[in-house]
Structure formats: C-alpha cells, structure tokens
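Remarks on the overall topology
Residue strings, one per chain:
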Amino acid sequence: MTEEPTQQTNRDDAWAKPVDKLTVGDARAGAMNLNVDGRGLTGPLQGFGQLWQKTYRIRLDGAEASVQDVVAYWKANLPTLMPDDSRFYPSLTGVKPGEVLLINATLPGMPGGMPVSTGVLILYADDEAFSVMTPDGHPESGFNTFSAYDEDGTTVAQIQSLARANDPVYEFGFRFMGGGAQQERIWRHVLTGLASHYGVTAEVDVKKVCVDNRLQWNRASNVRHNAVIRTTLNAPVRAARRLFGRA
Amino acid sequence: MASGFREFQASVRRQDGTAIVELSGVMDGSAEQLLNSAYAEATSSPPERLLLNFADVDYINSTGIALIVSILAQARKAHMPLITAGLSEHYQEIFRITRLADFMSIYPDEAAALAAA
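So, here's what we can say about the structure.

Cut-offs applied
- Each chain has its residues counted from 1, running along the sequence as written.
- To read the labels, note that chains go from A and ligands from 1, taken in the order they are written.
- At least 70 in pLDDT is required for a residue's local features to be given in this predicted model, at least 80 for side-chain atom pairs to be given and counted, and no such filter applies to totals for whole chains, interfaces and linings, which use all residues.
- No hydrogens and no water enter the side-chain calculation; it runs on all heavy atoms of the structure.
- Salt bridges are identified by distance alone: a Lys or Arg side-chain nitrogen within 4 Å of an Asp or Glu carboxyl oxygen.
- Runs of E in the DSSP output that reach at least two residues are strands. Runs of H or I that reach at least four are helices, and both are numbered from the N terminus.
- Classification of residues uses two cut-offs on accessible area relative to the type maximum, computed with a 1.4 Å probe and protein chains only: under 20% is buried, over 50% is exposed, and between them is partly exposed.
- In plain words, nonpolar cores are sets of buried Ala, Val, Leu, Ile, Met, Phe, Trp, Tyr and Cys residues tied together by side-chain atoms within 4.5 Å.
- For this analysis, residues touch if any pair of their heavy atoms sits within 4.5 Å.
- To obtain the arc, one takes the directions from the helix axis to the C-beta atoms.
- By the convention used here, strands pair only if DSSP detects at least 2 bridges between them.
- Only the contacting stretch of a helix is used when fitting its axis, a line to C-alpha atoms as for every element, and angles between N-to-C directions run 0 to 180 degrees.
- Defined here as a combined quantity, buried area equals the accessible surface (1.4 Å probe) lost by two parts on assembly, summed across both.
- What qualifies as a polar contact is a pair of N or O atoms within 3.5 Å, subject to a donor-acceptor requirement within protein and to the restriction that residues adjacent in sequence count only when both atoms come from side chains.
- By the convention adopted, Pro, Cys, Tyr, Trp, Phe, Met, Ile, Leu, Val and Ala count as nonpolar, Lys, Arg, Asp and Glu as charged, and the other residues, Gly among them, as polar.

Let's shift gears to the pattern of salt bridges. If you walk through the whole model with that rule in mind, you get 16 salt bridges over all chains. In this structure, Arg57(A) and Asp205(A) form a salt bridge, with 3.9 Å as the shortest nitrogen-oxygen distance. Of the two residues, Arg57(A) sits in strand S2 (residues 51–59) while Asp205(A) sits in strand S9 (residues 205–212), which places them 148 residues apart along the sequence. For Asp205(A), a relative accessible area of 44% puts it in the partly exposed group. Between Glu48(B) and Arg49(B) there is a salt bridge whose closest N-O contact spans 3.2 Å. Relative accessible area serves as the criterion here: at 54%, Glu48(B) is assigned to the exposed category.

In this structure, Leu23(B), Met27(B), Leu50(B), Phe54(B), Ile65(B), Ile68(B) and Leu100(B) are the most contacted members of the largest nonpolar core, which totals 56 residues. Residue assignment for this core shows that the elements contributing at least two residues are strand S4 (100–107) and strand S5 (114–125) of chain A together with strand S2 (18–27), helix H1 (32–44), strand S3 (49–60), helix H2 (62–77) and helix H3 (89–97) of chain B. Ranked by the residues each element gives to this core, the list is headed by H2(B), at 9 residues. Ignoring anything within four residues of it in the chain, the contact list for Met27(B) reads Phe8(B), Leu35(B), Phe54(B), Val57(B), Tyr59(B), Ile60(B), Asn61(B), Gly64(B) and Ile68(B). Core analysis: the second largest hydrophobic core is formed by 40 residues, Leu60(A), Leu101(A), Ile159(A) and Ile186(A) among them.

Each α-helix turn comprises 3.6 residues. Residues three or four places apart therefore point the same way. Residue and element names in this part refer to chain A. Turning to helix H2 (residues 67–76), its buried residues number three or more, namely Val-67, Val-70, Val-71 and Trp-74. Seen from one end, H2 has its buried residues packed into an arc of 95°, which puts them on one side. Turning to H2, the residues buried within the fold contact helix H3 (78–81), strand S6 (129–135), strand S7 (140–151), strand S8 (154–165) and helix H5 (179–197).

Another point: the sheet that holds S2(B). Residues and elements named next belong to chain B. The strand order across the open sheet formed by 5 strands is S1-S2-S3-S4-S5, and the pairing between neighbours is mixed. The sheet is open, and its two borders are formed by strand S1 (9–15) and strand S5 (105–107), each paired with just one other strand. Across this sheet, the average inter-strand angle for adjacent strands is 25°, counted without regard to direction. Two strands pair when backbone bridges link them, and S1 and S2 are joined in this way by 7 bridges, in the antiparallel orientation. Pairing of Arg-13 across the sheet is with Ile-20, part of S2. Across the sheet, H1 touches S1, S2 and S3, and the angle it forms with S1 is around 15°. Seen against the sheet, H2 touches S2, S3 and strand S4 (82–85) and runs at an angle of roughly 180° to S3.

What follows concerns the interface of chain B and chain A. Facing 30 residues of chain B, the contacting portion of chain A comprises 34 residues. Both faces combined, the contact of chain B with chain A buries some 2700 Å², and carbon together with sulfur accounts for 57% of it. Linking chain B to chain A there are 0 salt bridges. Where chain B packs against chain A, one counts 7 residue pairs in polar contact (both at pLDDT 80 or more). Broken down by secondary-structure element, the contributors of at least two residues to the side of chain B that touches chain A are S3, H2 and H3 of chain B. At 10 residues, the largest contribution of residues to the side of chain B that touches chain A is made by H2(B). The residue inventory of the side of chain B that touches chain A, partitioned by class, reads 14 nonpolar, 9 polar and 7 charged.

As structure tokens, then:
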C-alpha cells in the first residue's frame, strides 16, 4: 500500500462531518449561547447581499515561525487575539472540525452598540488553515478562512472571507452603518496581534473583490433569523434572569 | 501546496455545447490562477453549460472550496448552468455541507453528466 491514500484519508479528516443543524456542546464560561443551537448552515450562495471576497494579509518578516507554528498558535489563542467587541469562544475541545465557535459581539449602529450572540461551525482545520461557516441569522453568510503560507521564505498570515450579508438589515448595516468598517478593523486587529506575538510590526494588506454585485431578493426573508434582532429581543429575558438569580 | 499531492492542472475541451473543465491534482489556494484562467477560456465563447470534472482531483481544502464557490457565483451571474462529475463520496458530502450542492447537479461521471444535459 502506498502512503498517498493514508495521507489523503488523514487530510479528509480535516473536514467537519455533515450536519443538518448546529449543536452547541460544552460552551465556555461567560459565553452567551443564543441563535446557534438548531440553526442550519448558510454559505456564500445562500445570503442576501453582494458577494465579496476580502483578503487580509500580513507578512511576518524576520519571524522564526513556520506556517504550521503560526496556525497552531492562532488556533490555541483565537479568543485572546480578538478585540473586546468581538469575543470568540471555542468549545472546550478547541478549534477542531465540526466544533461550534460561539461569538458574542457588539455591532455599530446605536450608542453603545447592538449586542449580537451568534456562532460559526469549524468547517475545516488542518495544520496550515482553519475555516468557519456561518449559520442562519449570522451577519454574514459564507466562509472565513484563517491560514498561513510561505512566500519567498517568509511566513504570511492571511484571513480570507467569501461572504455576503445574510439579510437586508445586515446589508444596510454593512454599507451604511459602519458594519463593513468594523469588520475590517476586527481582522486588522487579529493580524497585527498575531504579528506582534512574533515581534513583527507590519501593515495589513487588504484586497477586496466583489464576486457578485447582485442582491438576492429571494433571500430577503432570511431576516426572520436575524441574530441581532433576536439577541436584542432576548435582552429583557436575560435581564430578568439576572435579577431573579437564574442562569 | 499540500505535500504528497500532484500540482493542480486544469484543461478545457468542448462537447455538444458543454464546456468541460478537467481538473487534476490538489485544489488549494495555489489553484486560483489556473482555475480562473480555465473558467475564462471555457466561457470565452459562452457554452450552454459548464461541467467541472473532478475525477482526477486528489484533494480539496477549504480554500479550494471557496474557489469553486467563486466560479459557481460567476456562472450563476452569467445564467450558465454548472454541473459536476467525478466527485468522490467524501467530496459529495463536502459539497452538501457547504451547500454548493444546492446550486449544481452532481453526477457520478462525465458520461452521466453529458447524458443528462
């Protein structure tokens, strides 16, 4: 038997097993778990807004870190690399295919921001990359891939999203309420933080390509799952639980 | 590129109104330029449909899936049906979980895809 089939089998394990609905297992303490359990997955073709491919890159010039080192560090320190207004909570198992990563964030649009509790599925993870896929109700519909690669002997860390706004409210927010700028700020924060760990100060290179500029009006009803609206509507319930001491 | 796999290749031929893009090797980020060139060649004279043949593909990672999504999005924008052939059972599952399968018919091999066209 040759080595190649064995290697391919191992690589195939990098993919999440098919699921119809997401299930949140062992959530970390402090993570608000709303709008994820029981949700279906939604890809770049299922959302409402324009489809964008956005690529954020930082060169780790001078860093003594291989591609595998960088991705291993990234997976292990994902929560601490995120800014305060966009907290990631991997399951206790970590960044593994099929696990759910909870996200508690604050979106711009009103003073103090709008809270949103959501999450993503770890769709793919190997030693050079990991990718997440969004559920119904998430601000975006699509994939985000966090990876590293070698470019002329220098390790480059990259975040690439292929996604569109999930519904008309989010599309408005991304275009006119600062959502797009916030997203860019978050990924710049992550990459500069990652580079800083390796003692590197560098600029983040950003490339944006509109893959499909059409709005998918037949997906406008996705708004019924909108995680921001649902998180906001749930706020009195959470407040009452805190008041009466119930978890 | 993932070690132990062949480099990505893409070639285009035409048969009965179908532009067939034959893919081989590993589909990851390094495949982007060749795949986009193949798509441009296949659609330079718009075919009735586009067939992606994965029979000779060794491995697809998540970046490779994103490249396929981009091709599918462009084909949909051009109102061109996109069909696939030669996907292993494993990658048929991946196409379902990523919901690519919502928008493309999946056939076991090229002959079946062309017969159904």
